[in-house]
Amino acid sequence: MTSQGEGQRPHRGERSTKALSTSRDFARYQREWFAEVQRQVRDGGVPFALVNADAPHELLRAMGIPYVVNQWWASICAAKQRSADYLGLLRERGYPDDQEPYSAIALGSSFDDPDEAPWGGLPIPDLVLAYLNSDSTGKVFELWAHEHGATFFPFEGTVHPGELEPRWFERIDHHWDEVIGSERIELMLEEMKGLIRHLEIETGRAFDEAAFARVMDLSNEHEEYNRQTRDLIASARPAPLSVADGIPSVMIPQWHRGSEWGRDAARRFRDEVQARIDAGDAAYPDERIRLMWIGRGLWFDMSFYQYFEQRFGAVFVWSMYLAVGADCYLRYGGEPLERLAARFTALGDTYNMPPWSSEWYAKEAVHNGIDGVVHLTTDAVRGTHFITRRIEEAGIPIIEISGDNVDARAWDDGAVKERIAAFIEREVEPRIAERSADQP
Amino acid sequence: MVSDARTRLQQAYAALHRADPEGLPVAQEAVVGIVGTDVPEEPIRAAGLHPLRLVGEPGAPTPNADRFVERAVDPLARSIFERLLDGTYGWLSHLVLCHDSDATVRLYYYLRELRRIEPDRPLPEVAFVDILHQPARTSAVYTRRRLEGFLETLGRWSGEPVRDEDVHAEIVASNERRRLLRELAELRAVDPPRLTGRETLAVMGAASMMSPGDHLACLRQVIDEASTPDVAAPAARSESASQVRTAPVRLFVTGSAHDGAGWYESVESAGATIVGEDHANGSAGAIGSIDEQADPLTALTAFYQHRTVNSARASISRRSEATVAGAVATAADGVLCLLRKQDPAPHWDVAAQRARLEEADLPLESLVIDGYRDELTPAEQEALEASVARLAQRPGRRATTAVNDDEVAR
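Residues numbered from 1 in each chain as written. Chains lettered and ligands numbered in written order. Predicted model: local features only at pLDDT ≥ 70, side-chain atom pairs only at ≥ 80, totals over all residues. Heavy atoms only, no water.

Caption draft 1: Highlighting the overall build of chain B. Scanning chain B from N- to C-terminus turns up 15 helices and 10 strands. Relative to its length of 410 residues, chain B is compact, with a C-alpha radius of gyration of 21 Å against a globular reference of 22 Å. Projected onto its principal axes, the C-alpha positions of chain B cover 65 × 45 × 45 Å. A sequence separation of at least 24 residues applies to 76% of the contacts in chain B between residues at least 6 apart. For chain B, the exposed area adds up to about 15700 Å²; of that, 50% sits on carbon and sulfur atoms. (Helix = DSSP H or I, 4+ residues; strand = E, 2+ residues; numbered from the N terminus. Rg over C-alpha atoms; globule rule 2.2 N^0.38 Å. Contact = heavy atoms within 4.5 Å. Areas by Shrake-Rupley, 256 points an atom, 1.4 Å probe, with all protein chains shown as cover.)

As C-alpha cells, this is what we get:
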C-alpha cells in the first residue's frame, strides 16, 4: 500500500472543479433533500433506514420510507475529511478501524456529536439493510442494532456454484434467470417478501403494488438514460466531461432511483452531456489521453482525477458508476418483485467477481476508447489479477494502485501521482504513439 | 510413555500437514479435498469418497499464490492456494470449497477462472457448496437445494448416485464420532486437564488421514487412557517428586481459526494449557448432533446452517455467547483471543466477547499476529507471555495443584 510516514496527518483532498450544471445542481438538491430527511426524522413518526448500496432500496421507496445509502454517507464523511476521526471512534469502542472502512465509517460517525458532524449528522436509523457479501458487512450492520437499537434485516450473499457465461452483459437485461441462476434469485425474492411483511407490520403502511411497479418502471427508464449517456461519452472526442463531474452527476440520482426526480435527473444529465458534445465543450480541450479509473471513487480527493489533465492532457473519462448504471441494473420481464430480486442478486458480482468483472471492464475499456487504466485495488476488490490480465490482453496498459477510497490515512498522494505519471510516460504514451504509427 | 493411539494420531496429523498422499487410507482417486469449515463430510463419505481437509504451510513463501490472491486475503487461504498451484496437492482430482469466509469464496472464484483460461494448468475439478447461516427458513430452503446439487456432483465423481440411506448411515457415524470428541473435550475441562490443546487438535485433525474405523479406535483408546485416574495431562506431569506445583493457567481460545498447532504450541509453552476453543478445528467442531430421525438433507441443512464455529458466518452476539459458554464449561481462567490480522470477522467480535466475559468475571486478552506462521516474533512472544501472565493472575484462580490420585480424578 502506498504509505506516508508515521505520524503524518492523513492526506487532505480538495474539491474538484465542476463544469456541469447537473453536478452542481444535484449536489444542492442532495443537501436540501438530506435536510428534509433530518427534519422528518426529528419531528417523529417517520421510520428511517440506512441501506447498503447493494440492498434493494426500491422497496423502501415504494413504501415512502426515507433512506440514506451507507456508501453515500461514507463519501460525504470522506469529502469532509472526517474518515480518520470516525474510524478512530470505532477504535475507541473496541471495534477495528481497518476493516472495510467504506461500510464502517457511517457507524463511526454515529458516535459523533451531531453538531460536529457533516451536514448535521446522520439520523440514527430504525432499520438497516445489507447484502452479506463480505466477512465484515454483517458484523458492521449488527452493531447498528447493538449500539442504536436498529432492526437489522440481512440479505444472504450467495455464490453461483458452477460455470458462468463470461459476457453476462449481453443477456442479463432480459435473460436474468439464466445468467444469474434461479435459485439465487428465488432466495432474494423470498427474503424481500419477508422484509415487506416486516415493514407493513412495523409501519402500518401497506405495500402498494402499483406504486412499486411504477418505481421499477422509473428505475429502468433512469438506467436507460445512463446507458445512453455512457455511450455518448464513449464515442465523443474530446470527452465532454471527466469523472469529477460524471460521478456526482450519476450517483446522486442513483440514490433516488425509482423516483421521478431520479429519472428526470438522469435524463437531464444525458441532455447536458449531449449539449456539451454538440457545442464542442470538453473536460479538457487539449485531450490526448483517455484514462479509465477502475475502483471506487476517491471521495476524499475528487480533484485527484483532474491532476493529470494539464500535465499530460490525460482525462479520466470513465469510472464504474455510470457504466454500472448502464449495464448492471436494467431488468425486463417477469413480475416487478422478481425483477428487483434479479437486479440485486449478483449486482456485486458484475463488477467484483471474475470472469464477470474482468470481461466487463475489458469490454468497457474498448468501448470507451481507453488509452490507459488506473486500477485502485482496495482490500474489498476481488479478482484483481484477472482484471489486470484481461485489460492487458485487450492491449491496454494498466497500473494497480493499492489504497482505500475513503480512508486517507495511508494515502501518499505525491507518490501515487508520480507512479501514475511514470505509467503515462512509460506505457501509455508509447502505446498511443505505436497505434498512430500503425494507422495508415 | 506415549500410547500407540496417540502416536498414530500424531503421525497422521503430521502427514496431513506434510500433505503426504502416501499416508492416505484410500486411493488418491477416491479423495475429495475440502477447503473451509462448512463442507459437510457426511455426503462425501456416503459417496464412497474420502474427505481430506487441505491445510497450509505456515511461514512458507507463496510466490505462485501471490500472483492471483490479493494482499488482504487471509494468508491461511493464500497458503492453501499456493499448495494447489505448486504441485503439493497436484495429485488431487476433486476439490470442494464453501462459503465459510470471503477468502474461501475468492479461492473458488480464482480456481474456477484459472481452469477456464488456463485449461492446461493441473488443477482439480472444483465444486462449491453454498451453505448459508442466517437463522431463517429462506436460508434453509436455499441451502437444502445446494446440498441436493452437491450430492449430484458427488455422484458424478464417484460414478454412482448417492443414496439417502448411505447419507443417513454416515450421519449416524458422524454423530458417534462427535459424541466421542465431546467426551474428549470433557477430559480437558477437568483439573488438571488430561489433554493439551495441541494434542486435541492432532486428535481431531488426524481424521483426514485415517479411515473412520481407525480414527474411532484411536479416539476411544485416547479417551480410555485419559480417563484413567493415575494419568495426568502432559502439561501437569512432572518428573519431580514434588506433590504441589504451579498449575498452568487454563485458557479458552477464540479468534481466528487454526489449521495447525503452531500457535497452540507457543501458548502452551508459555505456561498455559488450552482447555477449549470455539473454532471448527477444535472441540467446538464436535458440538451438537445431526438429527438422525429427519430426512438426511433436511438434517444436514439444519445442522450446518446453525453452527457458530466460524466467525465470518455467525453474528457477534452468538459468537460471544458461545465463547462465554465454552470458557465457563471448561473452567477456564481466562480467554485468549488469537487473531490473524488479515482475518477480518473475529476482530469485530472482540468488544462484545470482552463485555460478556466481564459479566462472567472472566478476563480476555487479545493478540494480533500479522501473517500465517508458527514462529512468533520476539515482540509477539513477549506479548503472548505477558498476556498469559496477566491471565494467570486472575483473582480467585487456584494457582497451585496437589498431585495425587484423589486430586486428579474428579
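Caption draft 2: Representation of the overall build of chain A in the model. From N to C terminus, chain A includes 18 helices and eight strands. In terms of C-alpha radius of gyration, chain A reaches 21 Å, essentially the compact-globule figure of 22 Å for 440 residues. Projected onto its principal axes, the C-alpha positions of chain A cover 70 × 55 × 45 Å. Counting only residues that meet the buried cut, chain A has 63% of its 440 residues in that class. Within chain A, counting contacts between residues at least 6 apart in sequence, those at least 24 apart form 80% of the total. On chain A, roughly 15800 Å² of surface is accessible, and the fraction owed to carbon and sulfur atoms is 46%. One way to put it: in chain A the 48 positive side-chain charges average out to a point 3 Å from where the 73 negative ones average out. (Buried < 20%, exposed > 50% of the residue type's maximum accessible area, 1.4 Å probe, protein only. Lys, Arg positive; Asp, Glu negative; His and termini not counted. Charge placed at Lys NZ, Arg CZ, Asp CG, Glu CD.)

Caption draft 3: Spotlight on the packing of aromatic side chains. Residue and element names in this part refer to chain A. Counted according to the given criterion, the structure contains 38 aromatic pairs over all chains. By way of ring pairs, the aromatic residues W293, F300, F304, Y305, Y307, F308, F316 and W411 are connected into one cluster. One Lys or Arg, K417, reaches over the ring of Y307 and ends 4.5 Å from the middle of that ring. (Phe/Tyr/Trp six-rings, centres within 6.5 Å; stacked < 30°, edge-to-face > 60°. Lys NZ or Arg CZ within 6 Å of the ring centre and 35° of its normal.)

Caption draft 4: Layout of the sheet that holds strand β4 (residues 125-129) of chain B. Residue and element names in this part refer to chain B. Pairing is parallel across the open sheet formed by four strands, whose spatial order is β2-β1-β3-β4. At either margin of the open sheet sits one strand with a lone partner, and together these are β2 (50-53) and β4. Strand-to-strand twist across the sheet, computed as the mean angle between neighbouring axes with direction ignored, equals 30°. Where strand β3 (residues 94-98) meets β4, five bridges bridge the pair, whose relative direction is parallel. Bridge pairing links C98 to V129 in β4. (Pairing = 2+ DSSP bridges. Axes fitted to C-alpha atoms, helices over the stretch in contact; angles between N-to-C directions.)

Caption draft 5: Highlighting the interface of chain A and chain B. With 49 residues of chain A in contact, the opposing surface of chain B contributes 44 residues. Summing both sides of the interface, chain A and chain B together bury roughly 4000 Å²; the carbon and sulfur share of this comes to 55%. Per-residue buried area on chain A facing chain B is highest for A:D135, A:K139 and A:V159; these three make up 18% of the total on that side. Counting every contact that joins chain A to chain B gives eight salt bridges. Residue B:D349 is joined to A:K139 by a salt bridge in which the shortest nitrogen-to-oxygen separation is 2.7 Å. At the boundary of chain A with chain B, the tally comes to 25 residue pairs in polar contact (both at pLDDT 80 or more). Contributing elements (two or more residues each) for the side of chain A that touches chain B: α6 (137-148), β4 (151-156), α8 (182-203), α16 (356-367) and α17 (384-393) of chain A. Among the elements that take part in the side of chain A that touches chain B, α8(A) stands out by supplying six residues, more than any other. Of the residues assigned to the side of chain A that touches chain B, the class counts are 19 nonpolar, 14 polar and 16 charged. (Buried area = accessible area lost by both parts, 1.4 Å probe. Salt bridge = Lys/Arg side-chain N within 4 Å of Asp/Glu carboxyl O. Polar contact = N/O pair within 3.5 Å; in protein donor to acceptor, adjacent residues only side chain to side chain. Nonpolar A, V, L, I, M, F, W, Y, C, P; charged D, E, K, R; others polar.)

Caption draft 6: A look at empty space enclosed by the protein. All names here are of chain B. Applying the stated criterion across every chain, the model contains five cavities of 30 Å³ or more. Within this model, the largest cavity holds a volume of roughly 140 Å³. Surrounding the largest cavity, E41, E42, R45, E170, A173, S174, R177, P212 and L216 form its lining. Counting residues per element, the ones that place at least two in the lining of the largest cavity are α2 (41-46), α7 (164-189) and α9 (212-227). (1 Å grid on protein atoms, 1.4 Å probe; cavity = no way out; pocket = protein on both sides within 12 Å on 5 of 7 lines; lining within 4 Å. Points joined across faces, edges and corners; volume = space filled by probe spheres on them.)

Caption draft 7: Molecular detail of the layout of surface pockets. Residues and elements named next belong to chain B. Its volume calculated, the second largest pocket comes out at about 570 Å³. Every residue lining the second largest pocket is counted, 27 residues in all, and those nearest its centre are E277, S283, A284, I287 and G326. Elements supplying a minimum of two residues to the lining of the second largest pocket: α7, β7 (272-277) and α12 (316-329). The element that contributes the greatest number of residues to the lining of the second largest pocket is α12, accounting for six residues. Classifying every residue of the lining of the second largest pocket gives 12 nonpolar, seven polar and eight charged.

Caption draft 8: Quick look at helix α11 (residues 296-305) of chain B. All names here are of chain B. Summarising burial for α11: eight of the 10 residues are buried, a large majority. Along α11, the residues that are buried comprise P296, L297, A299, L300, T301, F303, Y304 and Q305. Those residues of α11 that are buried are in contact with α2, α6 (137-158) and α7.

Caption draft 9: Inspection of the nonpolar core at higher detail. Ranked by internal contacts, the top residues of the largest apolar core, which has 221 residues, are A:W72, A:W318, A:I424 and B:F81. Ranked by residues supplied to this core, first place goes to helix α5 (residues 102-117) of chain B with eight residues. Residues within four places of A:W318 in sequence aside, it is in contact with A:V243, A:L291, A:M292, A:W293, A:I294, A:A323, A:W360, A:Y361, A:E364, A:N368 and A:I370. Counting 27 residues, the second-largest nonpolar core is a separate cluster that includes B:I44, B:A46, B:W157 and B:I171. (Core = buried A, V, L, I, M, F, W, Y, C linked by side-chain atoms within 4.5 Å.)

Caption draft 10: Seen up close, the packing of α8(A) against helix α14 (residues 336-344) of chain A. Residues and elements named next belong to chain A. Remark: α8 packs on α14, axes separated minimally by 8 Å, with the N-to-C direction vectors making an angle of 115°. At the point where α8 passes α14, the crossing takes the right-handed sense. Residue-level contacts link I185, M188, L189, M192, K193 and I196 of α8 to L337, E338, L340, A341, A342 and F344 of α14. Looking at side-chain class alone, the contact of α8 with α14 contains 10 nonpolar, no polar and two charged residues. (Left-handed = near helix turned anticlockwise from the far one by under 90°.)

Caption draft 11: Structural view of the sheet that holds strand β1 (residues 49-51) of chain A. Residue and element names in this part refer to chain A. Judged by pairing direction, the sheet is parallel, and its four strands sit side by side in the order β2-β1-β3-β4 without closing on themselves. Each of the sheet's edge strands pairs with one partner strand only, and the pair in question is β2 (67-69) and β4. Across the sheet, the axes of successive neighbouring strands diverge by a mean angle of 20°, strand direction being ignored. Pairing geometry for β1 and strand β3 (residues 127-132), over three bridges, is parallel. Along β3, the bridge assignment pairs V51 with L129. Sheet strands touched by α8: β3 and β4. Its angle to β4, the strand with the most contacts, is close to 165°.

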